[in-house]
Amino acid sequence: MIIDTASPSNIVRAFGFGWPDILRIRGSVVLLALPGTFVMTAYAVGIAFLVQKYEYLAIQLTVMTTVSLVLSLLLVFRTNSAYDRFWEGRKIWQDIKVTSRSTIRSFWCCIMEQSADDSARKRQALKDVAAFVISIKHYLRGEDGIEQADYDGLLSTEFRVAFSTQGAGFGYGAIPRASGSNIQQQQQQQQEQAREGWERPDQISLPHMLLYELQMFVENVQDNKQVHLQYYASMLASVNTLSTLLGGCERILSTPIPLAYRIHLRQALYMYLLVLPWAMASMGIAKTVILQFVISFMMIGIDSISREIQNPFGYDANDLPLDAYCDAVLTELSHALQHRSPKALQRTESTFSSSSAVDKTTR
């Protein structure tokens, strides 16, 4: 079995048929690069005819050698910067998965139940951990509220009421909720600011609210002597680690590639492609058109790749499979709730009957 992050199911059969990468469109930047490539190629056709008629307009091809070297270095730096963000996001999400699963396991195995209420609160804390991971996914994608289907069976009624009372309408780009004709305009501004990297507004977000819930639960079980001191320290460290990992995701999303660098790179790229036909036209019209098409597609494609992967938290084929990461945490939660806690009282009600709602959600 081969893992392929460009596949919707994330799994590709080892010996099944699949298109070779050179023929694949989905997940590539072909559609992003072709418009600019066609424009530059059409421009090259006109320049080729002009230089064929007025040969003195041609420039030496050797002049472009140094320029192409400098431009290549700029493109490499741009692509490496974008891939660093992608790889950093992948490492952070792996840590989120590991830490959240460890937290679920620690809560379930190490917290003693002294009453039926303690058992219910512990189960809800486990669900809050899974809800926190899911909320990070939606938070990074700029999806507001708690109406998404993957929250069903995880958030308590009390928490939903508290969240609704707060009116937390959060999204990248410190813009309050609007009504009427301003909604579409503000949504467009939010999307633009999310791409550029903006900080959250002052209002607290859903992941941060869930972190408060988790820490209050850990402090409560410690106050009630339901957990040994060493386990309490470990749980508190896990909650703080989850907060740090959330901050790492925010850092990636809210730190754009410097605007001046992006503007200069784009200007340099298209200036190079505009000058290039003047140097190649002496080779003949056909060769000029073919070379211009190939070089334009390569360079515009590299620039498109860097723009495609610099934000790895969306829905595109080149983004991280956040849904799969969340499903792994839900699987851990379902496994815990389907088994009796080692710290449960003998008179505590069966886990199966108390967790049927989340079981249906997490399967």
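Provided above is the structure to which this section pertains.
Here's a quick rundown of the structure.

Glancing now at the packing of helix H2 (residues 63-110) against helix H8 (residues 259-280). Taken N-terminus to C-terminus, the directions of H2 and H8 make an angle of 150°; their axes are 10 Å apart at the nearest point. Judged by the angle between their axes, H2 and H8 are roughly antiparallel. Every pair of crossing elements has a handedness; the one defined by H2 and H8 is left-handed. The residues of H8 that touch H2, namely those facing Met64, Val67, Ser68, Leu71, Leu74, Leu75, Phe77 and Arg78, are Tyr261, Arg262, Leu265, Ala268, Leu269, Tyr272, Val275, Leu276 and Ala279. Residues that form the contact of H2 with H8 fall into these classes: 14 nonpolar, one polar and two charged.

With that settled, consider the environment of Met216. Here Met216 is to be found in helix H6 (residues 206-223). The exposure class assigned to Met216 is partly exposed, which follows from its relative accessible area of 49%. For Met216 and Ala125, which are 91 residues apart along the polypeptide, the C-alpha to C-alpha distance reads 10.0 Å.

Turning our attention to the packing of H8 against helix H9 (residues 285-309). Where H8 contacts H9, the axes come no closer than 10 Å and their chain directions differ by 170°. As far as their axial angle goes, H9 and H8 are roughly antiparallel. Across from Leu265, Arg266, Leu269, Tyr270, Tyr272, Leu273, Leu276, Pro277 and Met280 in H8, the residues of H9 making contact are Thr288, Leu291, Gln292, Ile295, Ser296, Met299, Ile300, Asp303 and Arg307. By residue class, the composition of the contact of H8 with H9 is twelve nonpolar, three polar and three charged.

Rules used throughout
- Residues numbered from 1 in each chain as written.
- Predicted model: local features only at pLDDT ≥ 70, side-chain atom pairs only at ≥ 80, totals over all residues.
- Heavy atoms only, no water.
- Axes fitted to C-alpha atoms, helices over the stretch in contact; angles between N-to-C directions.
- Helix = DSSP H or I, 4+ residues; strand = E, 2+ residues; numbered from the N terminus.
- Parallel < 35°, antiparallel > 145°, perpendicular 65-115°, else oblique.
- Left-handed = near helix turned anticlockwise from the far one by under 90°.
- Contact = heavy atoms within 4.5 Å.
- Nonpolar A, V, L, I, M, F, W, Y, C, P; charged D, E, K, R; others polar.
- Buried < 20%, exposed > 50% of the residue type's maximum accessible area, 1.4 Å probe, protein only.

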